Amino acid sequence: MTVHAPVEDPTATGGAPAIRAEGLVKTFGPIRAVDGVSFDLAPGRIYGLLGPNGSGKTTLIRLLTGMARPTAGHAEVLETRMPSREVLARIGYMTQAGGIYPTLTVGENARFFAAAYGVRGNEGVDDALRLVDLADRTDTIAGTLSGGQLRRLSLACALVHQPPVIFLDEPTVGIDPLLRAEFWSHFRDLAGSGATIIVSSHVMDEADRCDELLFIRTGKVIARGSGAEVRAQAGTGNLEEAFLRLGADVEATR
């Protein structure tokens with residue numbers, strides 16, 4: 001089997017991409033955590049950034065958001081080269097760690113993040129807390145929440161400013177199947193309203209919930225397309241097996 005080059009976005013209509021990577025490279029000493037990544041992502045879709053732990057997903061997200069500077073290449077969000085303070089205020093970013101302040105209440109956490117994004121008033125806060133079913137826990141100290149509730153709050157804090165571009169780094173890790181389904185329902189609603197979402201994950205059974213997948217291994221995008229297209233590229237009906245086959249092809253050419 002040969003290595004398949006990433007395919008172009010089949011839904012592109014000629015409009016400006018919401019997110020663009022141009023030859024992105026990030027090295028840490030001899031390690032190339034991100035290795036020559038280029039793509040254009042059309043708006044209003046859910047993109048799954050899939051790969052095992054250590055494959056470069058989080059580093060790539062940090063480059064795209066401007067949280068880290070590339071060794072080479074550049075990233076653009078909403079037609080602006082990153083990093084950009086102005087565009088950062090229009091990005092939602094849910095990290096793996098969450099970033100919640102445990103001694104503050106649910107409402108205080110949401111209002112803090114809203115203020116950091118320049119939002120005035122409670123409308124965005126109220127909407128975000130309702131979206132994740134925490135509107136009735138506004139006065140609850142965040143440190144007393146369950147693990148699933150903390151993940152809900154982290155998502156709300158990433159959405160308080162109604163961003164058009166959203167990065168979600170392993171958002172469903174450690175949560176129960178019911179909550180996972182609820183999260184994906186939220187993601188689909190957001191994309192339906194025009195938001196562009198990148199969801200990083202190493203859970204292959206979530207892949208078909210995305211509009212398009214980008215498989216990443218050793219810092220490279222090794223395949224791109226819908227779940228059906230990626231399975232066809234690898235010649236298998238199973239996405240996990242497809243990733244293993246495509247990854248093995250990459251290893252064979254190193």
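Above this text you will find the structure in question.
Calculation rules
Residues numbered from 1 in each chain as written. Predicted model: local features only at pLDDT ≥ 70, side-chain atom pairs only at ≥ 80, totals over all residues. Heavy atoms only, no water. Helix = DSSP H or I, 4+ residues; strand = E, 2+ residues; numbered from the N terminus. Rg over C-alpha atoms; globule rule 2.2 N^0.38 Å. Buried < 20%, exposed > 50% of the residue type's maximum accessible area, 1.4 Å probe, protein only. Contact = heavy atoms within 4.5 Å. Areas by Shrake-Rupley, 256 points an atom, 1.4 Å probe, with all protein chains shown as cover. Lys, Arg positive; Asp, Glu negative; His and termini not counted. Charge placed at Lys NZ, Arg CZ, Asp CG, Glu CD. 1 Å grid on protein atoms, 1.4 Å probe; cavity = no way out; pocket = protein on both sides within 12 Å on 5 of 7 lines; lining within 4 Å. Points joined across faces, edges and corners; volume = space filled by probe spheres on them. Nonpolar A, V, L, I, M, F, W, Y, C, P; charged D, E, K, R; others polar. Phe/Tyr/Trp six-rings, centres within 6.5 Å; stacked < 30°, edge-to-face > 60°. Pairing = 2+ DSSP bridges. Axes fitted to C-alpha atoms, helices over the stretch in contact; angles between N-to-C directions.

Enquirer: What exactly am I supposed to notice about the overall build of the protein chain here?
Expert: Check the secondary structure of the protein chain and you find 8 helices and 10 strands. In terms of C-alpha radius of gyration, the protein chain reaches 18 Å, essentially the compact-globule figure of 18 Å for 254 residues. A principal-axis box enclosing the C-alpha atoms of the protein chain has dimensions of 55 × 40 × 35 Å. Expressed as a percentage of the 254 residues in the protein chain, the buried residues total 50%. Taking as baseline every contact in the protein chain between residues at least 6 positions apart, the subset at least 24 positions apart corresponds to 69%. Taken as a whole, the protein chain presents about 11,500 Å² of accessible surface, with 50% of it coming from carbon and sulfur. Each charge class in the protein chain was averaged separately, 25 positive and 30 negative side chains, and the resulting centres sit 6 Å apart.

Enquirer: Explain the layout of surface pockets to me, please; I cannot follow it from the model alone.
Expert: A probe as big as a water molecule, rolled over the atoms, marks out the empty space that is left. Volume-wise, the largest pocket comes out at about 260 Å³. What lines the largest pocket is a set of 14 residues, and nearest its centre among them are Leu131, Leu159, Gln162, Leu190 and Ser193. Going through the elements one at a time, α4 (123-131) and α6 (177-192) are the ones with two or more residues in the lining of the largest pocket. Counting residues per element, the lining of the largest pocket draws most heavily on α4, at 4 residues. Grouping the amino acids of the lining of the largest pocket by side-chain chemistry returns 8 nonpolar, 4 polar and 2 charged. In this structure, the second largest pocket occupies an estimated 190 Å³ of space.

Enquirer: Any chance you could explain the packing of aromatic side chains here in plain terms?
Expert: Each pair of aromatic rings is reported with the distance of its centres and the angle of its planes. With the rule as written, the count across this model stands at 6 aromatic pairs. Ring centres of Trp184 and Phe187 lie 5.2 Å apart, and the angle between their planes is 75°; this geometry places the pair in the edge-to-face category. Of this pair, Trp184 and Phe187 both sit in helix α6, separated by 3 residues, roughly a single helical turn. A residue is classified by how much of its surface remains accessible, and Trp184, at 5% relative accessible area, is buried. A centroid spacing of 5.1 Å and a plane angle of 65° characterise the contact between Phe215 and Phe243, whose relative ring orientation is edge-to-face. One end of the pair, Phe215, is in strand β9 (residues 212-217); the other, Phe243, is in helix α8 (residues 239-253), with 28 residues separating them in the sequence. Phe243 matches Phe215 in its accessibility class, with the two residues each being buried.

Enquirer: What is the right way to look at the sheet that holds strand β4 (residues 72-77) in this model?
Expert: Strand pairing within a sheet occurs via backbone hydrogen bonds; the two strands may be parallel or antiparallel. Within the open sheet, the 4 strands sit side by side as β2-β1-β4-β5. Their pairing is antiparallel. The open sheet is flanked by β2 (31-41) and β5 (80-81), the only strands paired with a single partner. By the bridge criterion, 8 bridges tie strand β1 (residues 19-28) to β2 in an arrangement that is antiparallel. In the sheet register, Val25 faces β2, and the bridge partner there is Asp35. Sheet strands touched by helix α1 (residues 57-65): β1, β2 and β4. Its angle to β1, the strand with the most contacts, is close to 125°.

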